[in-house]
Amino acid sequence: MPTTHRRRLADMTGLMPLIETTDTRDPQAAYRELQGHYGAVAPVELEPGIPAWLVMGHHEICQVVRNEQLFSRDPNHWRLFAEGVVAPDSGLGPMMFPRDNAYFADGEKHRRLRGPIDDGLESLDEHRMARFIRATCTDLIHDFEHLGRADLVSDYAAIVPMLTVAGFFGIGREQGHELRAALIALFSSAEDSQPAAQRLEQILSATMQSRRSVPTDDLTTAFLRHPNLHNDFEIQQSIVLMISAGYETTTSWIAQTLRLMLTDQRFAGRMRGGRLGIDDALDEVLWRDPPMSNMPARYALVDCELAGAHIQRGDALILGLSSANNDPRVHTDDSWLEVGNRSHLAWSAGPHACPAQRPGRMITRIAVDTALHHLHDVSLAIPADEVMLLPSPWTRCPASLPVRFTPPVRNS
């Protein structure tokens, strides 16, 4: 049985690095190891000398995300940040340092900053968006389908959401590729994450300046005009939030769904009349390998206890969404019985639940469907267990999905 852990988090050493729960072929084994020793809430190391609590239970995560009086999204409450223990140039900065957007705010400020995002998503013309996504997917496939081979991450899954989400803000294809490189570095939380975040902000500031001079029908113009956003920094950071969250999570969802449909016979049979199809695969990924495996962060506002862990004021808590989705209290091991079960926490819960679930699903579903429709006899070109992951303590996105397929016959 796990033991209650009452030592101060800052005094704990020899902790499992958080990245060991993502950079592995069996993340649930890493979570089980932590749960076996500590229970539903375990101490982990974010980077050398920087500990945090990893909340792994479904019920416990719901407790945290629905109680802003005890657990804040504002990193100014993070003791190790406030005391300067976390280095100013830490790779954790882009994901965990304060920013003036809805992700890092609580209460009334959160509602004010989330308003433009909700309004922007509500204003999207879904029929127009679906046509754009399908045309984008078809054009990308047309670029490589004659080769009979492709990388469905770098050639496809990583480009579709970037062109789509960047397109919401009037950012074109060339700068979209720049944004993608910056975001890969940002989500790695490695040494180059802060320069990457700065490059991202430079691109967005230039776009804002352009739209201020020549307004157009895009979300950048809408954000510039929105009364809830009080200055250019809030506008910029709100765009950063939408693009970074929309890009990373959707890329991972597309890539993981394609991987599943190419390697799991329950889904591979779909192209031969099998029972499970794309929507089932989308939900399976949300349960088993959600776009965000570990989500930063909440910060304790008072001393409290959570599932036997003694949380001190100022401690950081990471939401182990992937682990919580595997909690036997909400999910069984029988995938056939779980068809249609959407009580997962892939989009978190509470006031900060992802506002873009509907467009995210649209982008992912169209991308997967278009690839499977156009790439005939497509199959993975390497053994399934050789698929590598992009390094990140937060996500588990395949780095590459090399495939083979039959090129189309073109009239001469």
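For the structure given in this document, a descriptive report is provided here. (Residues numbered from 1 in each chain as written. Predicted model: local features only at pLDDT ≥ 70, side-chain atom pairs only at ≥ 80, totals over all residues. Heavy atoms only, no water.)

What to know about the nonpolar core
Grouped together as the largest cluster of nonpolar side chains are 126 residues, with contacts concentrated most on Trp 78, Met 96 and Tyr 156. Counting residues per element, this core draws most heavily on helix α12 (residues 232-263), at 14 residues. Leave out the neighbours within four places in its chain, and Trp 78 touches Leu 46, Ile 50, Val 86, Leu 92, Met 96, Phe 97, Tyr 299, Gly 314 and Ala 316. (Core = buried A, V, L, I, M, F, W, Y, C linked by side-chain atoms within 4.5 Å. Buried < 20%, exposed > 50% of the residue type's maximum accessible area, 1.4 Å probe, protein only. Helix = DSSP H or I, 4+ residues; strand = E, 2+ residues; numbered from the N terminus. Contact = heavy atoms within 4.5 Å.)

Some points on the packing of aromatic side chains
All chains considered together, the criterion is met by six aromatic pairs. Taken together, a centroid distance of 6.3 Å and an interplanar angle of 55° make the contact between Phe 144 and Phe 405 tilted. Placement of Phe 144 in helix α6 (residues 126-144) and of Phe 405 in strand β10 (residues 402-406) is noted, with a sequence separation of 261 residues between them. In this structure, Phe 144 and Phe 405 share a single accessibility class: buried. Cation over ring: Arg 73 sits above Tyr 103, and NZ or CZ is 3.7 Å from the ring centre. (Phe/Tyr/Trp six-rings, centres within 6.5 Å; stacked < 30°, edge-to-face > 60°. Lys NZ or Arg CZ within 6 Å of the ring centre and 35° of its normal.)

Some details on the sheet that holds β10
Spatially, the three strands line up as an open sheet ordered β4-β10-β9, and their pairing is antiparallel. The two strands at the open ends of the sheet, each matched to only one other strand, are β4 (149-151) and β9 (376-380). Across this sheet, the average inter-strand angle for adjacent strands is 25°, counted without regard to direction. Looking at chain direction, β4 and β10 are connected through three bridges and run antiparallel. For Ala 150, the partnering residue across the bridge sits in β10 and is Val 403. (Pairing = 2+ DSSP bridges. Axes fitted to C-alpha atoms, helices over the stretch in contact; angles between N-to-C directions.)

Structural notes on helix α16 (residues 357-374)
With 18 residues, α16 should cover 26 Å at 1.5 Å per step; its first-to-last C-alpha distance of 26 Å lies within 8% of that length. Most of α16 is tucked away: 13 of the 18 residues are buried. (Expected span 1.5 Å × (residues − 1).)

Considering the pairing of strand β1 (residues 41-47)
Of all seven residues in β1, five are buried, a share of seventy percent or more. Where β1 lies against strand β2 (residues 50-55), six bridges are found, and the strand directions are antiparallel. From the neighbouring strand, Val 41 faces β2, where its bridge partner is Val 55. Remark: two residues form the turn of the hairpin made by β1 and β2, two consecutive strands paired antiparallel; Gly 49 in that turn has positive phi of roughly 80°.

Points about the packing of helix α8 (residues 160-168) against α12
Relative orientation of the contacting elements α8 and α12 amounts to 155°, with a least axis distance of 8 Å. With respect to their mutual orientation, α8 and α12 come out roughly antiparallel. Handedness of the crossing formed by α8 with α12: right-handed. Listed contacts from α12 to Pro 161, Met 162 and Val 165 of α8 are Met 242, Ile 243, Gly 246, Tyr 247, Thr 250, Thr 251 and Ile 254. Residues of the contact of α8 with α12, tallied by class, amount to seven nonpolar, three polar and no charged. (Parallel < 35°, antiparallel > 145°, perpendicular 65-115°, else oblique. Left-handed = near helix turned anticlockwise from the far one by under 90°. Nonpolar A, V, L, I, M, F, W, Y, C, P; charged D, E, K, R; others polar.)

Concerning the environment of Leu 200
Relative to the assigned elements, Leu 200 resides in helix α10 (residues 193-213). Spatially, the C-alpha atom of Leu 200 lies 38 Å from that of Val 330, the residues being 130 residues apart in sequence.

Brief notes about the pattern of salt bridges
Per the stated rule, a full pass over the model turns up 17 salt bridges. The salt bridge involving Asp 100 is made with Lys 109; its shortest N-O contact spans 3.2 Å. Relative accessible area serves as the criterion here: at 24%, Asp 100 is assigned to the partly exposed category. The exposure class assigned to Lys 109 is partly exposed, which follows from its relative accessible area of 36%. Salt-bridge contacts for Asp 283 lead to Arg 361; the nearest nitrogen and oxygen are separated by 3.1 Å. Pair noted here: Asp 283 is in helix α14 (residues 278-288) and Arg 361 is in helix α16, with a separation of 78 residues, a long-range link. A single network of salt bridges, built from pairs that share partners, joins Asp 279, Asp 283, Arg 361 and Arg 365. (Salt bridge = Lys/Arg side-chain N within 4 Å of Asp/Glu carboxyl O.)

Regarding the packing of α6 against α16
Two elements in contact, α6 and α16, have axes separated by 9 Å at closest approach and are oriented at 35°. Both α6 and α16 take part in a crossing whose hand is right-handed. Contacts between α6 and α16 involve Glu 126, Met 129, Ala 130, Ile 133, Arg 134, Cys 137, Thr 138 and Ile 141 on the former and, on the latter, Arg 358, Pro 359, Met 362, Ile 363, Ile 366, Ala 367, Asp 369, Thr 370, Ala 371 and His 374.

Brief notes about the sheet that holds β2
What holds strands together in a sheet is hydrogen bonding between their backbones, with the strands either parallel or antiparallel. Taken in spatial order, the five strands line up as β1-β2-β8-β5-β3 in an open sheet, and their pairing is mixed. The open sheet has two edge strands, β1 and β3 (71-72), and neither has a second partner. Against the sheet, helix α1 (residues 27-38) contacts β1, β2 and β5 (294-300), and its axis sits at roughly 125° relative to β1. The sheet strands contacting helix α2 (residues 58-65) are β2, β3, β5 and β8 (316-320), and the helix crosses β8 at an angle near 130°.

Here we look at the side chain of Asp 315
Among the secondary structure elements, Asp 315 is positioned in the loop between β7 (309-311) and β8. Of the residues examined, Asp 315 reaches a relative accessible area of 1% and is grouped as buried. A distance of 2.6 Å separates a polar atom in the side chain of Asp 315 from a polar atom in the side chain of Arg 79. Those residues in contact with Asp 315 that sit more than four places away from it in its chain are Leu 9, Trp 53, Arg 79, Arg 298, Tyr 299, Ala 300 and His 310. (Polar contact = N/O pair within 3.5 Å; in protein donor to acceptor, adjacent residues only side chain to side chain.)

Notes on the environment of Val 285
Mapped onto the elements, Val 285 comes out in helix α14. In sequence terms Val 285 and Ala 346 are 61 residues apart; their C-alpha atoms lie 9.2 Å from each other. Look past the residues within four positions of Val 285 in its chain and what remains in contact with it is Trp 253, Gln 256, Thr 257, Leu 260 and Pro 290.

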